[in-house]
Amino acid sequence: MNPNPYETFRTRMKERRTLLNITLTEIAEALDISQPTAQRYESGEIKNIPYDKLALLAEILQCSPPYLL
């Protein structure tokens, strides 16, 4: 059975962010989004993250976009 892709994304985003000691505020500033939006990305509440934001997020988290997905 395949895991829920949104659960995979939120788990990996939080794991990488925590490992690298990056705050959601720092993510929001780097992506030029609000802090609540960054939190909604990580919680899985927002399902359609624009690819440019996803690519930048992966760069910040030192991983690849496919890894996050």
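If you're wondering where the values come from, they're calculated on a predicted model, not measured in any experiment.

S.K.: Sorry if this is basic, but what is going on with the side chain of Arg 16 here?
M.R.: With respect to the secondary-structure elements, Arg 16 resides in helix α1 (residues 5–19). For the buried Arg 16, no salt bridge is present, and the opposite-charge side chain at shortest range is Glu 15, 7.7 Å distant. A polar contact of 2.9 Å, which involves the side chain of Arg 16, links it to the backbone oxygen of Leu 61. Those residues in contact with Arg 16 that sit more than four places away from it in its chain are Leu 61, Gln 62, Cys 63 and Tyr 67.

S.K.: Please clarify how the pattern of salt bridges should be interpreted in this entry.
M.R.: Any two side chains of opposite charge can pair, so long as their charged atoms come close to each other. Scanning all chains against the criterion turns up two salt bridges. A salt bridge links Glu 7 to Arg 10, with the nearest nitrogen and oxygen atoms 2.9 Å apart. With Glu 7 and Arg 10 both in helix α1 and three residues apart, the pair spans about one turn of that helix. Among the salt bridges present, the one from Arg 17 reaches Glu 42, with a minimum N-O distance of 2.6 Å. In this pair, Arg 17 sits in helix α1 while Glu 42 sits in helix α3 (residues 35–43), placing the two residues 25 residues apart along the sequence. Residue Glu 42 is classed as buried on the basis of its relative accessible area, which comes to 9%.

About the thresholds
- Residues numbered from 1 in each chain as written.
- Predicted model: local features only at pLDDT ≥ 70, side-chain atom pairs only at ≥ 80, totals over all residues.
- Heavy atoms only, no water.
- Helix = DSSP H or I, 4+ residues; strand = E, 2+ residues; numbered from the N terminus.
- Buried < 20%, exposed > 50% of the residue type's maximum accessible area, 1.4 Å probe, protein only.
- Lys, Arg positive; Asp, Glu negative; His and termini not counted.
- Salt bridge = Lys/Arg side-chain N within 4 Å of Asp/Glu carboxyl O.
- Polar contact = N/O pair within 3.5 Å; in protein donor to acceptor, adjacent residues only side chain to side chain.
- Contact = heavy atoms within 4.5 Å.

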